[in-house]
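Here are the chains, one letter per residue:
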Amino acid sequence: MKDAKLIVLKQERHILSLLLYEGRLMEANAYPLPAAGPAEEAEGASGNVSCLLGSIYVGKVNNVVKNINAAFLELTKGQRAFLSLDNRNEPRLLNRPYDGRLLAGDEVLVQVEKEAVKTKDPVVTTELSFSGRYAVLLPTGRPGRLIFSGKLDNSCRKILKGFLEREEIKNVLERSSLIIRTNASELTEGEPLVQDILRLDSLAGQILSVAGTRTCYSCLYRPASAYLTEIRDTYHDQYDAIVTDSPDLYEEARLFLEQQCPGELHKLKLYQDPSVTLMNLYGLSAKLREATETRVWLKSGGYLVIEPTEALTVIDVNSGKYSGKKAIRDTFRLINLEAAAEIARQLRLRNLSGIIIVDFINMEDSADKQELLQALSRELRQDPVKAVVVDMTPLGLVEITRKKIRRPLREQLNETD
């Protein structure tokens, strides 16, 4: 993207990561400031702690609920988690050999794959994964799988397969599986991809080798700070600068990029103008406030009303102050198309997930309805989180689903723990 910046700020309770494109806020995340240093986090401790995505624990099974094919366990004392047993991956038990059953009291190696959302516990999995910029390594389960991101075309896959025709990668595939990420498409030679995989293989080996010696409720692994993994995971052309006004964050990001994303290091900038804060320079306070408001105005004068509930999110499209001179059919069509683009942006910005129901302005013409669904699908494909237009109901309501990964922005900002 041209004129796209990733702004990283340290606030009183959060580290803010904000993606700006031509001055508009496209994505925002608020990560709690760590309560402990890296050494303490790596060791893990009992107590009710925030469970970072990707963290690996020795959890203890509290009970198995057969009618929903799931288990509830504790990651630390007082911190429950949900484990689906639909996954065919064999769990790694630390207290006894696995005999096909998961029982209350079992100590099992799990990884956090979804954060706690509202009243729901975090979701964990027994299929461990380690993510790098170009690859994801899966050291448990069936080895030998080589999976490519669906966004990589056939010509790119062929080139990347050629990069992986090395003995050390074949050795890795004998004990693990690999997912090649979309970011690998930026590579013109194979060494960065190979080194990324070997680093992940070494990390996984270290974690698994000590797992059997650790006690229940231990945290064996925490990924890098969430704002750093966001930098790593963002596709290279999504921003042309990473800007922070915190010397501490700058140094942390510099060391991280040197190790994992050296090609992105030139984008890192330290903002040092004492006359205007970075927050004020881009009007970020107002942009964040707007990102949590119920009403969103459109340039045409129409507006959206966004209402998250416990079960789903409802979005209503209104004509509002629109004063165009077009016929009513064209008026509704144009407002709906503008709303579709803004809805896709708002879902990403607010991190709204699960089921989303949109009540567009009613249109009679089937061709206009089809055009709207195609436009909405096209906009949602730009979202790095999987979002799908399901259908339009007979009542004219459009159903969207968006994968749940992190909590909504409003919850992130309101976190006080």
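Remember, predicted model here, so these are calculated numbers, not experimental data.

Scoring rules and cut-offs
Residues numbered from 1 in each chain as written. Predicted model: local features only at pLDDT ≥ 70, side-chain atom pairs only at ≥ 80, totals over all residues. Heavy atoms only, no water. Pairing = 2+ DSSP bridges. Helix = DSSP H or I, 4+ residues; strand = E, 2+ residues; numbered from the N terminus. Axes fitted to C-alpha atoms, helices over the stretch in contact; angles between N-to-C directions. Contact = heavy atoms within 4.5 Å. Buried < 20%, exposed > 50% of the residue type's maximum accessible area, 1.4 Å probe, protein only. Phe/Tyr/Trp six-rings, centres within 6.5 Å; stacked < 30°, edge-to-face > 60°. Salt bridge = Lys/Arg side-chain N within 4 Å of Asp/Glu carboxyl O. Core = buried A, V, L, I, M, F, W, Y, C linked by side-chain atoms within 4.5 Å. Parallel < 35°, antiparallel > 145°, perpendicular 65-115°, else oblique. Left-handed = near helix turned anticlockwise from the far one by under 90°. Nonpolar A, V, L, I, M, F, W, Y, C, P; charged D, E, K, R; others polar.

K.L.:
Mind laying out the sheet that holds strand S16 (residues 295-297), listing which residues take part and the relevant values?
P.N.:
Strands sit in the order S16-S17-S18-S19-S21-S20 across an open sheet of six strands; the sheet is mixed. The two strands at the open ends of the sheet, each matched to only one other strand, are S16 and strand S20 (387-392). Across the sheet, the mean angle separating the axes of adjacent strands is 20° when strand polarity is ignored. Here helix H9 (residues 328-350) sits on the sheet in contact with S16, strand S17 (303-308), strand S18 (313-318), strand S19 (354-359) and strand S21 (397-402), set at roughly 150° to S18. Contacts between helix H10 (residues 366-380) and the sheet are confined to S20 and S21, with S20 contributing the most and set at about 165° to the helix.

K.L.:
A description of the environment of Ala241 should follow, citing residues and the corresponding values.
P.N.:
Assignment of secondary structure puts Ala241 in strand S14 (residues 241-244). Residue class for Ala241 comes out buried when judged on its relative accessible area of 9%. Leave out the neighbours within four places in its chain, and Ala241 touches Ala4, Lys5, Leu6 and Lys267.

K.L.:
Please set out the sheet that holds strand S12 (residues 177-180) residue by residue, giving values where relevant.
P.N.:
Taken in spatial order, the four strands make up an open sheet running S9-S10-S12-S11, and their pairing is mixed. Two strands close off the open sheet at either side, each with one partner strand: strand S9 (130-131) and strand S11 (146-148). Where S11 meets S12, three bridges bridge the pair, whose relative direction is parallel. Paired with Ile147 across the strands is Ile179, a residue of S12.

K.L.:
So what about the packing of aromatic side chains? Which residues, and what values?
P.N.:
For the structure shown, the criterion picks out three aromatic pairs. Relative to Phe82, the ring of Phe72 has its centre 5.5 Å away and its plane inclined at 70°; by these criteria the two rings are edge-to-face. Of this pair, Phe72 sits in strand S5 (residues 70-76) while Phe82 sits in strand S6 (residues 79-84), placing them 10 residues apart in sequence. Among the residues examined, Phe82 registers a relative accessible area of 26% and is labelled partly exposed.

K.L.:
Explain the environment of Lys120 to me, using residue names and the numbers behind them.
P.N.:
One can find Lys120 in the loop between strand S7 (107-114) and strand S8 (123-125). On the accessibility criterion, Lys120 (47% relative accessible area) is partly exposed. For the pair formed by Lys120 and Lys321, sequence separation is 201 residues and the distance between their alpha carbons is 40 Å.

K.L.:
Lay out the pattern of salt bridges with the relevant residues and their values.
P.N.:
Taken as a whole and assessed by the stated rule, the structure comprises 27 salt bridges. One salt bridge in this structure joins Arg181 and Asp233, with 2.8 Å as the shortest N-O distance. Placement of the pair is Arg181 in the loop between S12 and helix H4 (191-211) and Asp233 in helix H5 (residues 226-233), with a sequence separation of 52 residues. Between Arg345 and Glu342 there is a salt bridge whose closest N-O contact spans 2.5 Å. Remark: Glu342 and Arg345 occur in helix H9; sequence separation between them is three residues, near one turn of the helix. Accessibility expressed as a relative area gives 14% for Arg345, which makes it buried.

K.L.:
I'd like a description of the nonpolar core, backed by residues and values.
P.N.:
Across soluble globular proteins, nonpolar side chains show a tendency to be buried alongside one another. By size, the foremost hydrophobic cluster in this structure holds 32 residues, and its most contacted members are Ile56, Leu109, Phe130, Leu160, Ile180, Leu193 and Ile197. Only strand S4 (56-65), strand S10 (135-138), helix H2 (154-163), helix H3 (167-175), S12, H4 and strand S13 (219-221) provide two or more residues apiece to this core. Of all the elements, H4 adds the most residues to this core, at nine residues. Excluding its chain neighbours within four sequence positions, the residues that come into contact with Phe130 are Ile56, Ala135, Val136, Leu137, Pro139, Leu200, Leu203, Ala204, Ile207 and Tyr221.

K.L.:
Could you give an account of the packing of H3 against H4, with specific residues and numbers?
P.N.:
Taken N-terminus to C-terminus, the directions of H3 and H4 make an angle of 40°; their axes are 10 Å apart at the nearest point. On the basis of their axis angle, the class for H3 and H4 is oblique. The crossing of H3 and H4 is left-handed. In contact with Glu168, Ile169, Val172 and Arg175 of H3, H4 contributes Val194, Ile197, Leu198 and Asp201. Split by residue class, the contact of H3 with H4 holds five nonpolar, no polar and three charged.

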